[in-house]
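# Tertiary structure, described
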Amino acid sequence: MNIGWLTLLLLLPFVGAIATMLVPKAKALTAKQVALGFSLVTLVLTAIVAIGYHRNGAEDYAETHTWIKAFGAHYALGLDGVGIVLVVLTALLTPIVMIASWNDASHGRWSEKSFFAWILGLEALSIGVFSATDVFLFYVLFEATLIPMYFLIGGFGGPQRSYAAVKFLLYSLLGGLLMLASVVGLYVVSAKAGEPSYLLSDLMKLDISQNTERWLFLGFFFAFAVKAPMVPFHTWLPDAAGEATPGTSVLLVGILDKIGTFGMIRFCLGLFPNASEWATPVVLVLALISVLYGALLAIGQTDIKRLIAYTSISHFGFIVMGIFALTSQGLTGSTLYMFNHGLSTAALFLVAGYLISRRGSARIADYGGVEKVAPVLAGTFLFAGLSSLALPGLSPFISEFMVLAGTFSRHKVIAVIAVLGIVLAALYILLMYQRTMTGPVRDGIEKLKDLNAREVLAIAPLVVLIIGLGIFPKPVVDIIKPAVDETMQRVGVTDKAPQIPVTEGQK
Amino acid sequence: MSAMLLPLADFTAPKIEYNELAPLLVVFGAACVGVLVEAFLPRPLRHLVQLAITVVAVVVSGVLTGILMNGKKELLAAQGAISVDGPALFTWLILLALSLISVLLFAERSIDGGLSAFAGQAAAVPGSEAEREGTAARIEHTEIFPLTLFAVGGMMLFAASNDLLVLFVALEVFSLPLYLLCGLARRRRLISQEAAMKYFLLGAFSSAFLLFGIALLYGYAGTMSLGGIADALSSDTGSDTILLAGTGLLGVGLLFKVGGVPFHSWTPDVYQGAPTPVTGFMAACTKIAAFVGLMRVFYVALGGSRWDWAPMMWIIAILTMVVGSIVAITQTDVKRMLAYSSIAHAGFLLTAFVGLAQAGSGVHNGITSTQAVLFYLVSYGFPTIGAFAVVTLVRDAGGEATHLSRWAGLGKKSPLLAGIFAFFLLSFAGIPLTAGFTGKWAVFSAAWTGGAWPLVVVAVLSSLVAAFFYVRVIVLMFFSDLPADAPDVALPGWQTTSAVALGLAATVVLGLVPGPVLDLAARAGEFIR
């Protein structure tokens, strides 16, 4: 039965944001509780939707209403395997970030409640982005997510926050506006073919001429490459993530940047399959450069948050590589990677945030010997780091392996070089751990408090999920697989048959 | 005796379609009544009476236009001199709606200690004893209301004129009151007078170009009517040199009013110097009238020679977008910045204009250029007046504090006002869910439909540059600290409050549900001959 679940899911955080703002300024605690309450209810509702989707399929959740007839735009929401995974990720990370950043916004430019209200606003828009099945609606929400994020960075970050916020906004707008040109182009193609429509299902039926398809693809891809971010359009991310509060960085890297890779799957592969195949060589090389360059720069960082930002650039390189390898294994791996990367980066950013808030510095050189003073903090930091470097047994390992295996079956050289990224990952994570946590206790560290109950509560679900999905990823893979198969079919590529046939004896 | 009467017998009275022209006649009639009120009513009564006359005239005219739109019967009125077609009626409606908001701003008296934004005695030398006495006696020029009505009427006529001579007359009818209004600022009178002088001289200069162009086109076609020129073009009788020269000169005159580069240089000075409510009125209404006039002349009369003028218009569109958005970055005054922003917007409009996506041309069944431009004018006009209304409220001892540095930390002082202004700026920048975005989308798709996709690419890149300077103001308002000597935010009267509220409401509604207005613009159809 379809009762507008997705609309409900989208409206709930939005109403929550307004409710949070309506709480009087003096009652900051009440406002935060209201916001957390709304995000938890959204999480429960998302869980219900996810279970329902798993049982009954996507039909129950599709909604289509005409919005702007002259533009052919619809208010159309729907889920597929990729979308639902990211909606769940969004709903999951939002309350975690709220609990973890409970006191982070008290020194911001504005009231604490506005920090929580912006987070809820961002959640609403992100859920909309991941479930939009109309290109126009997607574009509108895609651009609209910039506004809450802009105010989150600019309002509550470090000393250079204004600069970082503007840089983030301008990079995103550059990508977004070029995509706008492509969106307009799609309208023209669609209008020439008959009645203009922005519904994905209608656009997929269009017969686009080769040149037009390539140009339109480039517009979309550029926007997503800036968003993801891929080298050479990545320089905004270290600034933004370095200046923002850890909670904001989690939302930025964990959710918002996923829109880029999500868009590549749904729009680049979905709408422009031929052009996507045409662009594969260049995209794969760029992805490879992102993997290695991001990792090398991460090693050279002296600031913990910037280091984590660069690791994400490297990880996004893997995700893009898996997408454009055009194998079902790579694509499934990339989607799973998006989810796992959300978990592991969230853990890493949040624990790093705990650390930084205690010492008041993000410089690696200011730390040393933390594990002696605050063992739980050091332990979770190590755990988050290990999950980020894809230690076998933790969930990121599975996705990274799938991406590399999927890429290898089609592009051997690139996959082989990309494996270096794993080595470098071990290097940047373990070096950071060694410098901050081991060795003699540094001045100013002696009195460092260990994690309190609230902080542990925020990290615990992440730890459980990272271990759980590391051992048993099947539920998530099962949800992703059908959507990936559909996309593969759309692109018109099939997996290469294994070169060593399965013989009777081996069966 | 009878011989003397003979010539009279040949003369048939021209047929005037009073019903169709009623909206125009109401506005002009009310303007004349306003002049009489100035002459015969005692001073204390004038403000209220003038305001009432103006508001009633604008509302009645709007209602009449609405009735005409519903019982739509496209026709050429007044012996073919005025064309009361869909686009004209649509333009009248938006002109009247925006004029109503502007008139409310003109009537505001509570933000500057009970005085309006206009000079008490324009004739008094700035800084003189006479000026002070006038201020103390609360003398004010209520003539601004009839002047405004004349300007509005002229703009309506301009947008509907189907004959180059009527076009020229209408241009002068709406320009002359504007020259006057520009020079009437109460504060910073010298800048205001300088602005009026510049506007007048340059305006007169451009009128000369226009007139020369008209003369040449008359030489080419032997007629002033737009339809007649189109006929002459299709039969290809006259000299191409005269045609091209005439087209060019006419284009200069029209682009001057639109604010297209390189004929834009008056805009920043005049926008800065004029009283802010007048600036808002000019930025919104003049642009609307001028643009519709430009489209009518080039589509109806010169549509046949589009391949001659389209390349030049491409270049002008690109220049206008690029120069408007880049030069805006260097501005340090809010009003000047908004002036350059209005130039950039003219560039975006020009992309749809040169896109030439017309329903008749059978290119497609999507959005047409006329529809896109009309919609954009609506989505641009409301936030523009709203933004200038906000500018009137940020004041210090010297009047409005328009220097950008004075706006630092405004978000702390008055979050609501700064928030509203930020919203208008986001709309100008074309951020989704605002009127500006749907407007941009409409003009870009019209341009692309007509094959002008390179213009769309330039347009999105200039949008990015433009976004930079809009965002910079938002950063300044919200992310800077409040200085000790920050300007005050005046408490607006009901007039300014409702003007801002209307602008805000329109910006939100057109961003969320633009459908009805788009359909209305689509129903307006194409210009008729």
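Parameters and conventions
- For every chain, the first residue of the written sequence is number 1, and numbering continues from 1 onward in sequence order.
- Ligands are numbered from 1 and chains lettered from A, in the order in which they are written.
- With the structure being a predicted model, the display of local features is reserved for residues of pLDDT at least 70 and the display and counting of side-chain atom pairs for 80 or more, all residues being used for whole-chain, interface and lining totals.
- UniProt positions are given in the numbering used here, feature names are shortened, and annotations may be inferred rather than shown by experiment.
- Strands here mean DSSP runs of E at least two residues long; helices mean DSSP runs of H or I at least four residues long; both are numbered from the N terminus.
- Using C-alpha atoms as the atom set, the radius of gyration is obtained and then compared with a globule rule of 2.2 Å times the number of residues to the power 0.38.
- Counting other C-beta atoms within 10 Å of a residue's C-beta gives its exposure: the residue is buried at 20 or more, exposed at 12 or fewer, and partly exposed in between, where C-beta atoms are placed from the backbone.
- Think of it this way: build a C-beta for each residue from its backbone, and any pair within 7 Å is a contact.
- Helix axes are fitted to C-alpha atoms over the stretch in contact, other axes to C-alpha atoms as well, and angles between N-to-C directions run from 0 to 180 degrees.
- Put simply, angles under 35 degrees are roughly parallel, angles over 145 are roughly antiparallel, angles from 65 to 115 are roughly perpendicular, and the rest are oblique.
- Think of it as three bins: nonpolar holds Ala, Val, Leu, Ile, Met, Phe, Trp, Tyr, Cys and Pro, charged holds Asp, Glu, Lys and Arg, and polar takes everything else, Gly as well.
- Residue-level confidence of the predictor, termed pLDDT, takes values from 0 up to 100.
- Core membership is restricted to buried Ala, Val, Leu, Ile, Met, Phe, Trp, Tyr and Cys residues, and these are joined into a nonpolar core through C-beta atoms within 7 Å.
- Here the rule is simple: two strands pair whenever DSSP picks up at least two bridges between them.
- To estimate the expected span of a helix, count its residues, drop one, and scale the result by 1.5 Å.

Chain A has the name NADH-quinone oxidoreductase subunit M in an unreviewed UniProt entry, where Kribbella sindirgiensis is given as its organism. Comment text from UniProt for chain A, heading Sequence similarities (unreviewed entry), reads "Belongs to the complex I subunit 4 family."

Moving on, we come to the overall build of chain A. Of the regular secondary structure elements, chain A holds 21 helices and two strands. Computed over the C-alpha atoms, the radius of gyration of chain A is 22 Å, within 12% of the 23 Å expected from 2.2 N^0.38 for a compact globule of 507 residues. Along the three orthogonal principal directions, the C-alpha set of chain A runs to about 70 × 65 × 40 Å. A buried classification covers 62% of the 507 residues belonging to chain A.

Now for the overall build of chain B. The secondary structure content of chain B amounts to 21 helices and five strands. At 23 Å, chain B has a C-alpha radius of gyration in line with the 24 Å of a compact globule built from 529 residues. Its C-alpha atoms put chain B at 75 × 65 × 40 Å along the principal axes. In chain B, which comprises 529 residues, the proportion classed as buried is 58%. The contacts of chain B with a sequence gap of at least 6 include a subset with a gap of at least 24, amounting to 80%.

Let us now look at the packing of helix H14 (residues 304-324) of chain A against helix H15 (residues 328-359) of chain A. All names here are of chain A. At a minimum axis distance of 9 Å, the contact between H14 and H15 shows a crossing angle of 175°. One way to sum up the angle between H14 and H15 is to call them roughly antiparallel. On H15, the residues that touch Ile304, Lys305, Ile308, Ser312, His315, Phe318, Ile319, Gly322 and Ile323 of H14 are Gly330, Leu331, Gly333, Ser334, Tyr337, Met338, His341, Thr345, Leu348, Phe349, Ala352 and Ile356. Split by residue class, the contact of H14 with H15 holds 12 nonpolar, eight polar and one charged.

Below, the discussion takes up the environment of methionine 282 of chain B. Residue and element names in this part refer to chain B. Structurally, methionine 282 is set in helix H12 (residues 276-301). Since 25 C-beta atoms lie within 10 Å of it, methionine 282 is described here as buried. Here the alpha-carbon distance between methionine 282 and valine 517, two residues 235 residues apart in the chain, equals 23 Å. In contact with methionine 282, other than residues within four places in its own chain, are Leu178 and Ala274.

So, on to the confidence of the model for chain B. Note that predicted coordinates carrying low pLDDT should not be read in detail. Residue and element names in this part refer to chain B. This prediction gives chain B a mean pLDDT of 90; 97% of its residues lie at or above 70. Of all helices and strands in chain B, the one with the weakest mean pLDDT is helix H1 (residues 2-10) (56), whereas helix H6 (residues 144-160) scores best (96). On the interface metric, ipTM, the complex scores 0.88, and its pTM is 0.91.

A word on the interface of chain A and chain B. Tallying the contact residues gives 28 residues for chain A and 28 residues for chain B. Those elements giving two or more residues to the side of chain A that touches chain B turn out to be helix H5 (135-144), helix H6 (146-156) and helix H7 (161-193) of chain A. When residues of the side of chain A that touches chain B are assigned to their parent elements, the largest contribution, 16 residues, is made by H7 of chain A. Taken together, the residues of the side of chain A that touches chain B break down into 21 nonpolar, three polar and four charged.

Here we come to the nonpolar core. If you look at the biggest cluster of nonpolar residues, it comprises 403 residues, and the most contacted ones within it are Val320, Met321 and Val351 of chain A together with Leu95, Val373 and Val443 of chain B. Broken down by element, the residue count for this core peaks at 20 residues, all from H7 of chain A. Ignoring anything within four residues of it in the chain, the contact list for valine 351 of chain A reads Leu377, Thr380, Phe381, Ala384 and Ile459 of chain A.

Listed under "domain: NADH:quinone oxidoreductase/Mrp antiporter transmembrane" (unreviewed entry) in the UniProt record, and renumbered for this structure, are residues 132-424 of chain A. Across residues 132-424 of chain A one finds 81% helix and 0% strand; the C-alpha atoms that close the span lie 37 Å apart.

Right, let's talk about the sheet that holds strand E5 (residues 488-489) of chain B for a bit. Within a beta sheet, neighbouring strands are joined by backbone hydrogen bonds and run either parallel or antiparallel to one another. Residue and element names in this part refer to chain B. With antiparallel pairing, three strands are arranged side by side in an open sheet as E4-E3-E5. Either end of the sheet is taken by a strand with one partner, and the two such strands are strand E4 (399-400) and E5. In terms of strand pairing, strand E3 (residues 394-396) meets E4 through two bridges, oriented antiparallel. Looking across to E4, one finds that arginine 395 is bridged to glutamate 400. Sheet contacts for helix H15 (residues 369-393): E3, E4 and E5; angle to E3, the most-contacted strand, approximately 25°.

Helical periodicity: at 3.6 residues per turn, an α-helix aligns residues three or four positions apart in one direction. Helix length check: H6 of chain B, at 17 residues, gives a terminal C-alpha distance of 24 Å against a target of 24 Å (1.5 Å per residue), a fit within 8%. By the criterion of burial, H6 of chain B is predominantly enclosed, with 17 of the 17 residues buried.

Next up on the list: the environment of glycine 120 of chain B. Residue and element names in this part refer to chain B. Relative to the helices and strands, glycine 120 is located in the loop between helix H4 (86-107) and helix H5 (129-136). A C-alpha to C-alpha distance of 19 Å links glycine 120 and methionine 197, two positions 77 residues apart in sequence. In contact with glycine 120, not counting residues within four places along its chain, are Glu131, Gly134, Thr135, Ile139, Glu140 and Arg186.

Next up on the list: the pairing of strand E2 (residues 73-77) of chain A. All names here are of chain A. For E2, the tally of buried residues reaches four of five residues, placing the bulk of the element in the interior. Of the pairings in the sheet, the one linking strand E1 (residues 63-68) to E2 comprises five bridges and is antiparallel in character. Bridge pairing in E2 links glutamate 63 to leucine 77. The turn joining E1 and E2, which pair antiparallel and follow one another in sequence, is formed by four residues; a positive phi near 70° is taken by glycine 72.

Glancing now at unusual backbone geometry. Geometrically, the link from alanine 228 of chain A to proline 229 of chain A is a cis peptide bond, its omega value of -15° lying close to zero. Secondary-structure assignment places proline 229 of chain A in the loop between helix H9 (210-227) and helix H10 (236-243). The omega torsion of the bond from valine 261 of chain B to proline 262 of chain B falls at 5°, within 30 degrees of zero and hence cis. Looking at the secondary structure, you find proline 262 of chain B in the loop between helix H10 (240-258) and helix H11 (266-273). Backbone geometry places leucine 326 of chain A, a non-glycine residue, at a positive phi of 55°. Position of leucine 326 of chain A among the secondary structure elements: in the loop between H14 and H15. For arginine 188 of chain B, which is not a glycine, the phi torsion comes out positive at approximately 50°. Here arginine 188 of chain B shows up in the loop between helix H7 (164-182) and helix H8 (189-221).

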